[in-house]
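# A closer look at the structure
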Amino acid sequence: TVADNGEVESQIAIKEKIVEIVAAEDRHRPLSDEEIARVLKVRNGLPIARRTVTKYRKALDIPSSRQRRAY
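So, here's what we can say about the structure. (Residues numbered from 1 in each chain as written. Predicted model: local features only at pLDDT ≥ 70, side-chain atom pairs only at ≥ 80, totals over all residues. Heavy atoms only, no water.)

## Considering the overall build of the protein chain
A tally of helices and strands in the protein chain yields 4 helices and 0 strands. Since a compact globule built from 71 residues should have a radius of gyration of about 11 Å, the 12 Å found for the protein chain is in line with a globular shape. Expressed as lengths along the three principal axes of its C-alpha atoms, the size of the protein chain is roughly 40 × 20 × 15 Å. For the protein chain, with 71 residues in total, the buried portion stands at 37%. A separation threshold of at least 6 residues defines the contact pool for the protein chain, and within that pool the share at least 24 residues apart is 55%. When the accessible area of the protein chain is evaluated, it comes to approximately 4,800 Å², of which 48% is carbon and sulfur surface. (Helix = DSSP H or I, 4+ residues; strand = E, 2+ residues; numbered from the N terminus. Rg over C-alpha atoms; globule rule 2.2 N^0.38 Å. Buried < 20%, exposed > 50% of the residue type's maximum accessible area, 1.4 Å probe, protein only. Contact = heavy atoms within 4.5 Å. Areas by Shrake-Rupley, 256 points an atom, 1.4 Å probe, with all protein chains shown as cover.)

Structure representation (structure tokens):
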């Protein structure tokens, strides 16, 4: 994937960023895949589709936002 600044990001680097974002989220209001995609775009300049975030999240065995919620 090519970032806004022209650098190429590997799948592994993007997956690591997804893990970092999920680890830092509020457990009472976890981020949806769409929100994770938006964070990647804003913070890292990575234009990633929501469905790509979903694919990577599943590959990393990270549960959905509903399953990650702490009540």
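## Describing the nonpolar core
Counting residues in hydrophobic clusters, the biggest one holds 15 residues, and the most contacted among them are I14, I18, I36, L40 and V53. Taken together, the elements giving at least two residues each to this core come down to α1 (11–24), α2 (33–44) and α3 (50–59). Other than its neighbours up to four places away in sequence, L40 contacts I14, K17, I18, I21, G45, L46, I48 and V53. (Core = buried A, V, L, I, M, F, W, Y, C linked by side-chain atoms within 4.5 Å.)

## Quick word on the pattern of salt bridges
According to the stated counting rule, one finds 4 salt bridges in the structure shown. Between R68 and E25 there is a salt bridge, and its shortest N-O distance comes to 2.7 Å. Of this pair, R68 sits in helix α4 (residues 65–68) while E25 sits in the loop between α1 and α2, and the two are 43 residues apart along the sequence. Residue classification places R68 among the buried residues on the basis of a relative accessible area of 9%. (Salt bridge = Lys/Arg side-chain N within 4 Å of Asp/Glu carboxyl O.)

## Some thoughts on the packing of α2 against α3
Relative to each other, α2 and α3 sit at 105°, their axes nearing to 8 Å. As the angle between them shows, α2 and α3 are arranged roughly perpendicular. Packed against α2, whose contacting residues are D33, E34, I36, A37 and L40, the element α3 presents R50, V53, T54 and R57 at the interface. (Axes fitted to C-alpha atoms, helices over the stretch in contact; angles between N-to-C directions. Parallel < 35°, antiparallel > 145°, perpendicular 65-115°, else oblique.)

## Some thoughts on the environment of D26
With respect to the helices and strands, the residue D26 is situated in the loop between α1 and α2. At 3.0 Å, the side chain of D26 and the backbone nitrogen of H28 are in polar contact. (Polar contact = N/O pair within 3.5 Å; in protein donor to acceptor, adjacent residues only side chain to side chain.)

## Section: α2
For α2, spanning 12 residues, the distance from its first C-alpha to its last is 16 Å, which sits close to the expected 16 Å at 1.5 Å a residue. Along α2, the positions that sit buried rather than exposed are D33, E35, I36, A37, V39 and L40. Taken from the residues just after α2, G45 is the one with a positive phi, measuring 70°. (Expected span 1.5 Å × (residues − 1).)

Everything listed here is a matter of coordinates, which is why it stays silent on function.
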